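Notes for the structure review
Below are the chains, spelled out letter by letter.
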Amino acid sequence: MQITLKLFASLSDYLPDTARRTNSLLLEVADDCTVGAVIEEWALPPRMVHLVLVNGEFIPPEQRADRRLREGDALAIWPPIAGG
Amino acid sequence: MALARKLLRVNLTKGTCVEEPVNQEWVKQYLGQRGLATKYLTSEIDPKVDALSPENKLIFTVGPLTGTMAATGGRYSVVTKGPLTNAIACGNSGGYFGNELRSAGWDMVIFEGKSAKPVYLLIENEKAQLLPADEFWGKSVWETEGGLKKKHQDPQIRVSCIGRAGENQVLFAGIVNDLHRAAGRSGVGAVMGSKNLKALAVRGTNGVSNIADPKAFMAAVKAGKKVLADNPVTGQGLPKFGTQVLMNVINEMGASPTRNHQDVQFEGARKISGEAMHEKRESDGKTHLVTNQACFGCTIACGRISRIDENHFSVSTKPEYWGASGGLEYEAAWAFGNANGVDDLEALQYCNLLCNEEGFDPISFGATVGAVMELYELGVITKEEIGFEAPFGSAEALCKLAEMTARGEGFGKLLGQGSKRLCEKYGRPELSMTVKGQEFPAYDGRALQGMGLAYATSNRGACHLRGYMVSPEVLGIPIKMDPQATEGKPAMLKAFQDATAVVDSSGLCVFTTFAWNLNDIQPQIQAACEGDWSMETLLQMGERIWNMERDFNLAAGITCKDDTLPPRLLNEPCKTGPQAGMVAQLGKMLPEYYELRGWSVDGVPTAETRTRLGL
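This structure is a prediction, so every number in the text was calculated from the model and none was measured.

**A word on the overall build of chain B**
- For chain B, the count of helices and strands is 25 helices and 17 strands.
- For 615 residues, the compact-globule formula gives about 25 Å, and the C-alpha radius of gyration of chain B, at 22 Å, lands near that figure.
- Burial statistics for chain B: of 615 residues in total, 62% are counted as buried.
- Pairs at least 24 apart in sequence give 70% of the contacts found in chain B among residues at least 6 apart.

Right under this line is the structure:
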């Protein structure tokens, strides 16, 4: 199935050059793919995986390993950030 | 006490500058800056006074850590009654002006009355004098700052001044120092303009003394700086991306008010985000962002310095805007962009430059344009009245409206009254996205329930800096809270409001609290100041300040009926995103909030609460 992976702020560096200007790319993943599996596959450092949203909904750290993704989901990840 | 124990009272009507001792009993109760200046203001003016009359006062004030070696210890505040809200107004700014005032040896400058002619205040350490400002009246912030440094042949003079917006009494005019740092909200600049006061020019070479326990202070400051450096937000995230890093996350969460709060997600957000500011432009191959910048003593350095595209329509014939200058910060980018459906980063930066140059609040300006564009699309305001077409998404209209507001020209005069008065004039008050007359910043009170409560109860009208519930509801600081939940929000908000009042009274920047909690701040205050500044003392002081501000507003005629949100937020659900279907559930939170505050069901502090807080 296909999902959209979005990496922001310093995590943008983990995207291929072609995806940098949108911070997103389409990914082909297994039907039983979890949030945790994508994070592992992309070798995102745990300390930089802070805010994880699926379709805008926050996924707590303890649920990421088991949270299944669905066709068309948008998985967005930020390192620790703040502003205001 | 760390402060200098003296204030300068400037009577603009009489033209006098008189030194006074600072009331040390009040210092024990209010510490400095926001707390102490608000105590002076509320003790000296009638709360019902016209904010733009000579009877209002305007106080510039520093905190005990301003000008010290404490990280971010460069803040000052401007406290007055605000013309936009008719409530207490307190603008807080960084840059390098606050430490200069502190180094000149003044804890506070109280302006009263009104000068017959334009003047500015020159402070050179102990010496203070009012001087004619005829040559600077009618000039911008940038011209005034440069002119004052040239006139006094001292490039190290620090200037805090108004531009033409303040002179024209734009109701959301700010006071700008160091070219692009501002006491920006609630119209403090309009009060300054109403007094014919153009600027404060300060040179302080005395440095800071009176640190109660220098050895303990150095140890506490060192420990605090390590926490800031080690924290990924204050040590890495904010320096690199600034506040603008929020643009995408707030939008993804469906919490980004768009097109005057008709929507909660903006399709153009990515194009105006912090990430976009790092990219090379297709037009000239340069990045928008040039560098980050720090205020005095700051080890975070979140400020943005950018260079606008010289080929952009807004500045292609105006080389004076081509240099690197301040912006964009998140709130301004949102207000110019999302609030109006404009995704042109360069147009946003142009508007930001105008706000800095002429001294007006980008949040209130941008949000008021949002109301104008909705009224235009509804056919309530015509092209003839504005002078051009102004649909959502028009970068050209946005830029023209910024120019007209800055100069007080045509439709810009009405726009400069803010969205509440503008929408009332056109018979559509419900389209004003304001609380107590002040425009919302960049978070939707339907999507983030705690922010909705924060806006409704803020003492200076809709504001994110009185209780930043975005921290727990989005960022997970100090804990992650469900944005849709109402449970626990009143208690968390009260804690944030009281703690923020402490930080705003200390001379520190509230951004430290992304890494610090009061346990990191308390040792710095305790070491700097004489007396008891335990956690318990500080927390009670924060609560005292909040209630003092509330009392002033109540006496000014603002009641519990004003602790509310526009009908759009209460009745029109979020249309898209993860918060779709949500409205602001204020009724579920407000009674509990009043109870936690020790207020009556009408939102009035009870006699017991007043006694407990020493009010």
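**Quick notes on the confidence of the model for chain B**
- Per-residue confidence for chain B gives a mean pLDDT of 97, with 100% of residues at or over 70.
- Scored as a whole, the predicted complex attains pTM 0.98, and scored at its interfaces, ipTM 0.98.

**Details of the interface of chain A and chain B**
- Taken together, the contact pairs 23 residues of chain A with 30 residues of chain B.
- Elements with a minimum of two residues in the side of chain A that touches chain B: β3 (51-54), β4 (57-58) and β5 (74-78) of chain A.

**Details of the domain arrangement of chain B**
Residues and elements named next belong to chain B.
- One can read the domain layout of chain B as domain 1 (6-203), domain 2 (244-439) and domain 3 (449-514 + 534-613).
- Placing the centre of domain 1 and that of domain 2 at their C-alpha centroids yields a distance of 26 Å.
- Contact with domain 1, which involves 38 residues of that partner, is made by 28 residues of domain 2.
- In terms of residue count, the dominant contributor to the side of domain 1 that touches domain 2 is helix α5 (residues 164-167) (3 residues).
- Across the side of domain 1 that touches domain 2, the residue classes break down as 17 nonpolar, 18 polar and 3 charged.

**Overview of unusual backbone geometry**
Residues and elements named next belong to chain B.
- With an omega of -10°, the peptide bond between Gly327 and Leu328 qualifies as cis.
- With an omega of 0°, the peptide bond running from Ile477 to Pro478 counts as cis.
- Here Pro478 is to be found in the loop between α19 (470-475) and α20 (489-503).
- Even without being a glycine, Asn125 presents a positive backbone phi close to 50°.

**A few points about the nonpolar core**
All names here are of chain B.
- The biggest cluster of nonpolar side chains holds 222 residues, and the ones touching the most others in it are Ile59, Val109, Cys351, Val372 and Leu398.
- At 9 residues, helix α13 (residues 362-377) tops the list of elements feeding residues into this core.
- Ignoring sequence-local partners within four residues, the contact set of Leu398 consists of Phe336, Asn340, Val342, Ala347, Cys351 and Val369.

**Notes on helix α15 (residues 395-407) of chain B**
Residue and element names in this part refer to chain B.
- When the terminal C-alpha atoms of α15 are compared, their 19 Å separation across 13 residues agrees well with the 18 Å that a helix rising 1.5 Å per residue should span.
- The element α15 is largely enclosed, with a buried count of 10 among its 13 residues.
- Immediately beyond the C-terminal end of α15, within one or two residues, lies Gly408, with a positive phi of roughly 65°.

**Some remarks on the sheet that holds strand β8 (residues 127-132) of chain B**
Residue and element names in this part refer to chain B.
- Overall, mixed pairing links the 6 strands, which are arranged β8-β7-β12-β9-β10-β11 in an open sheet. Unpaired on one side and paired on the other, β8 and β11 (181-183) mark the two borders of the sheet. Across this sheet, the average inter-strand angle for adjacent strands is 20°, counted without regard to direction.
- Here strand β9 (residues 158-161) pairs with strand β10 (residues 175-177) via 2 bridges, running antiparallel. Bridged to Ser160 within β10 is Asn177.
- Sitting on the sheet, helix α4 (residues 141-151) is in contact with β9, β10 and β12 (197-203), with an inclination near 145° to β9.

**Some words on the environment of Asp532 of chain B**
- Mapped onto the elements of the fold, Asp532 of chain B is located in the loop between α21 (518-528) and α22 (535-555).
- Sequence separation of Asp532 of chain B and Lys28 of chain B is 504 residues, and the distance between their C-alpha atoms is 8.3 Å.

**Details of the environment of Lys226 of chain B**
Residue and element names in this part refer to chain B.
- With respect to the secondary-structure elements, Lys226 resides in helix α7 (residues 214-230).
- When the 14 C-beta atoms within 10 Å are taken as the criterion, Lys226 is described as partly exposed.
- For the pair Lys226 and Leu570, spaced 344 residues apart in the sequence, the C-alpha separation amounts to 44 Å.

**Describing the sheet that holds strand β13 (residues 289-293) of chain B**
Residue and element names in this part refer to chain B.
- With respect to topology, 3 strands assemble into an open sheet ordered β13-β14-β15, the strand pairing being antiparallel. With one partner strand each, in any of the chains shown, β13 and β15 (325-326) form the two edges of the open sheet.
- Bridging between strand β14 (residues 303-306) and β15 involves 2 bridges; their strand directions are antiparallel. Its bridge partner being in β15, Ile305 is matched across the sheet by Gly326.

**Remarks on the pairing of strand β5 (residues 88-93) of chain B**
All names here are of chain B.
- The buried fraction of β5 is high, at 6 of 6 residues.
- One ladder, built from 6 bridges, connects strand β4 (residues 76-81) with β5; its direction is antiparallel. Each bridged residue has a counterpart across the sheet, and for Val79 the counterpart in β5 is Cys90.

**Observations concerning the environment of Gln153 of chain B**
All names here are of chain B.
- Examined against the element boundaries, Gln153 turns out to sit in the loop between α4 and β9.
- In this structure Gln153 comes out as exposed when scored by C-beta crowding, with 7 C-beta atoms within 10 Å.
- Spatially, the C-alpha atom of Gln153 lies 40 Å from that of Ala367, the residues being 214 residues apart in sequence.

**Description of the packing of α13 of chain B against helix α17 (residues 418-425) of chain B**
Residue and element names in this part refer to chain B.
- Running from N to C, α13 and α17 point in directions that differ by 20°, and their axes come no closer than 8 Å. Taken together, the axis directions place α13 and α17 in an arrangement best described as roughly parallel. Crossing of α13 over α17 shows right-handed handedness. Residues Ser364, Ala367, Thr368, Ala371 and Val372 of α13 lie in contact with α17, whose contacting residues are Gly418, Ser419, Leu422 and Cys423.

**Looking at α17 of chain B**
- Of all the positions in α17 of chain B, only Gly418, Ser419, Lys420, Leu422 and Cys423 of chain B are classed as buried.
- Directly after α17 of chain B, the chain includes Gly427 of chain B, whose backbone phi takes a positive value near 70°.

So, how was this worked out
What you see as residue numbers is a count from 1 along each chain, following the sequence as written. Numbering of ligands from 1 and lettering of chains from A proceed in the order in which they are written. Owing to the predicted nature of the model, reporting of local features is limited to residues with pLDDT of at least 70; listing and counting of side-chain atom pairs is limited to 80 or more, with chain, interface and lining totals taken over all residues. A run of H or I in DSSP counts as a helix once it spans at least four residues, and a run of E counts as a strand once it spans at least two, with each numbered from the N terminus. Each radius of gyration is computed over the set of C-alpha atoms, and the globule rule expresses the reference value as 2.2 Å times the number of residues to the power 0.38. Exposure classification rests on a simple neighbour count of other C-beta atoms within 10 Å of a residue's own: a residue reaching 20 or more is buried, one at 12 or fewer is exposed, and one in between is partly exposed. C-beta atoms are placed from the backbone. What counts as a contact is two residues whose backbone-derived C-beta atoms lie within 7 Å of each other. Summary of the metric used: pLDDT quantifies the predictor's per-residue confidence within the range 0 to 100. Segmentation of the chain into domains, including their bounds, is taken from an automatic or database domain assignment. Three categories are distinguished: nonpolar for Ala, Val, Leu, Ile, Met, Phe, Trp, Tyr, Cys and Pro, charged for Asp, Glu, Lys and Arg, and polar for the others, with Gly belonging to the last. Put simply, a nonpolar core is buried Ala, Val, Leu, Ile, Met, Phe, Trp, Tyr and Cys residues tied into one set by C-beta atoms within 7 Å. Any helix carries an expected span of 1.5 Å times its number of residues minus one. Strand pairing follows a simple DSSP-based rule, namely that at least 2 bridges must link the two strands. To obtain each axis, a line is fitted to C-alpha atoms, and for helices this fit is confined to the stretch in contact; angles are then taken between N-to-C directions over 0 to 180 degrees. Put simply, angles under 35 degrees are roughly parallel, angles over 145 are roughly antiparallel, angles from 65 to 115 are roughly perpendicular, and the rest are oblique. Left-handed is the label given to a crossing in which the near helix is rotated counterclockwise from the far helix by less than a right angle, and right-handed is the label when the rotation is clockwise.

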